[in-house]
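Residue strings, one per chain:
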Amino acid sequence: VTVSMLCHAKFPMRIKSEWLRKRLLVKPPVLGRGYELKDPVYHTYKPGWGSVEIARAMIDLVREALRIGEIDRGIGRNDPRFQTKRYVVREGYKQQQQQEEEEKNEVNGEKEGDDNEEETKEDNDLPPPVDRLIFASETCLPITTLEEVEIALFGEIQERFDEQTAQEGNVPEEERKMQAAAEDEETSQGDEESVSEKEKDETAVVASQGDGVAERKPTNDQAKATRVERKKAPGVDQSWFNARNTPNNGYSRQLQWQKIHEAIPRQKIWKADQWIALTRSHAICIMEIDRDLPRELWTCFSQAKASDEMYFPTALALIGVIRKDPSVDIEEESPDIGDEVIRRRVTYADWSENARNPATFEKGVADLRRIAKLAREEGCLFTRKFAGSNMEQRTGEGTESTPDSNISFQEWEEIITGLGK
């Protein structure tokens, strides 16, 4: 998978890491003297605790994430400080292969093409569109490997042997060519069949590349007979919301439910952890919801505390994606809050003290070893709140010192990979 990271910082100028500054939200580019672009201006609402500006920052993060993979025709399209490619922190297999091919062409000194070819090259140079969006904060630590995150969100890759295709491999070559020609003619007559053939070609390419899917290189007929699919499981191709549609205490009732504008029906108000996972389709629906409203939806939450917990699940409830199971009396007992969503925590937090904030873990490695096991058993991807969670990066560009509460990358890797065995 290709991974991108976008960050909205309360005080962007205080960030010392160039790696992180590169991925901060910025305002649209502005021309200066000599038709040169001015330096980027970081975008921040400087939100206070529980203010609606946190929800607005999350909305802007989603909007910007959906721009990744789109062709930019604006004035900043050729400036890497404004390009969405700057958000990419890990390229997927196809992108790595494409980059290697481009470098090979440059070494071979291939001649430049026409304008159309240059435009095509620009399109191919774009990162792929974002399919899943996950929110995290500076006190969060991942408690799964990237491979485990991919399986949780997209499903485990598995091979399926297509017996019919395998039998076709035993047909004489001449007869097989005639069958293929007839199939091609039928395929060209309908868009639906054309798409099906395209999908089959793509899966065959993945299998033949052996991208962690097959240990041995199959023959041509074997490759055609092996289909690579994603195993369906709870949470795959769904948005994750640890959501409820009734207040769970007096604070929630008085400062959240009762403070939301009356234009929103009470039965449509939902609350969830702000650390959520969104599918691309749900993210797009949320970004387009204002088109059908007389006012921007976030303004209905301006008086509510911690509206970032309310905005996204309520928005999906308004369009019918999130809904309460009418057959269950006690709301918490039902995991079903809609076919396209799952009631599941993305980030583990310890609320056992029943305090205003979750517990803070200050014992570094000792806490991570204990909490990561609990979080993984629940199916979470992250955990919080870790004090001084400045995890040293693989590149060595970590913090200057490592207090007892901090965790090095090597320590994290040893713990997490050990739990995954």
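Worth saying up front: this structure is predicted, and the values here are computed from it rather than measured.

Rules and cut-offs
Here, residues in each chain are numbered from 1, in the same order as that chain's written sequence. Reporting of local features is limited, given that this is a predicted model, to residues whose pLDDT is at least 70; pairs of side-chain atoms are given and counted only at 80 or more, and all residues count toward the totals for whole chains, interfaces and linings. As a rule here, side-chain values come from all non-hydrogen atoms in the structure, and water together with hydrogens is ignored. Each helix corresponds to a stretch of at least 4 residues labelled H or I by DSSP, and each strand to a stretch of at least 2 residues labelled E; elements are numbered beginning at the N terminus. Throughout, exposure labels follow a simple rule: accessible area from a 1.4 Å probe, protein chains only, divided by the maximum for the residue type, with under 20% read as buried, over 50% as exposed, and the rest as partly exposed. Only heavy atoms enter the contact rule, under which two residues are in contact if any of them lie within 4.5 Å. Residue exposure ignores everything except the shown protein chains as possible cover, and the areas themselves are Shrake-Rupley values with a 1.4 Å probe. pLDDT is a per-residue confidence score from the predictor, ranging from 0 to 100. The term salt bridge refers to a pairing of a side-chain nitrogen on Lys or Arg with a carboxyl oxygen on Asp or Glu at a separation within 4 Å. Fitted lines through C-alpha atoms serve as axes, helices being fitted only where they are in contact, and the angles separating the N-to-C directions of these axes extend from 0 to 180 degrees. For classification purposes, an angle smaller than 35 degrees is called roughly parallel, one larger than 145 roughly antiparallel, one from 65 to 115 roughly perpendicular, and anything else oblique. Crossings are assigned a handedness: left-handed for a near helix turned anticlockwise from the far helix by less than a right angle, right-handed for a clockwise turn.

In this section: the overall build of the protein. For the protein, the count of helices and strands is 14 helices and 13 strands. Looking at the protein as a whole, 37% of its 421 residues qualify as buried. Considering only residue pairs separated by 6 or more positions, the protein has 72% of its internal contacts joining residues 24 or more positions apart. Carbon and sulfur atoms make up 47% of the accessible area of the protein, which totals about 25,700 Å².

Its location among the elements puts Pro12 in the loop between strand S1 (3-4) and helix H1 (18-21). Residue Pro12 is classed as buried on the basis of its relative accessible area of 8%. Sequence separation between Pro12 and His43 is 31 residues, and the spatial gap between their C-alpha atoms is 8.2 Å. Setting aside chain neighbours within four positions, we find Pro12 in contact with Arg21, Leu24, Tyr42 and Thr44.

In this model, the protein carries an average pLDDT of 79, and 70% of its residues clear a pLDDT of 70 or more. With pLDDT under 50 throughout, residues 187-218 is counted as low confidence; its partners more than four residues away or in other chains account for 21 contacts. Counted against residues more than four places away or in other chains, residues 390-402, with its pLDDT under 50, gives 21 contacts.

Once that is clear, we can look at the pattern of salt bridges. By the definition in use, this model includes 15 salt bridges. Note that Lys232 and Asp237 form a salt bridge whose closest N and O atoms lie 2.3 Å from each other. Taking the relative accessible area as the measure of exposure, Lys232 reaches 60% and is therefore exposed. On the accessibility criterion, Asp237 (36% relative accessible area) is partly exposed. Between Lys373 and Glu377 there is a salt bridge, and its shortest N-O distance comes to 2.7 Å.

Looking now at the packing of helix H13 (residues 365-378) against helix H14 (residues 409-419). Relative placement of two packed helices is described by the angle separating their axes and the distance separating the axes. Where H13 meets H14, the closest approach of the two axes is 10 Å, and the angle between their N-to-C directions is 30°. In terms of axis orientation, H13 runs roughly parallel to H14. Helix-helix and strand crossings are classified by hand; for H13 and H14 the assignment is right-handed. Within the contact between the two elements, H13 uses Val365, Leu368, Arg369, Ala372, Lys373 and Arg376 and H14 uses Glu411, Trp412, Ile415, Ile416 and Leu419.

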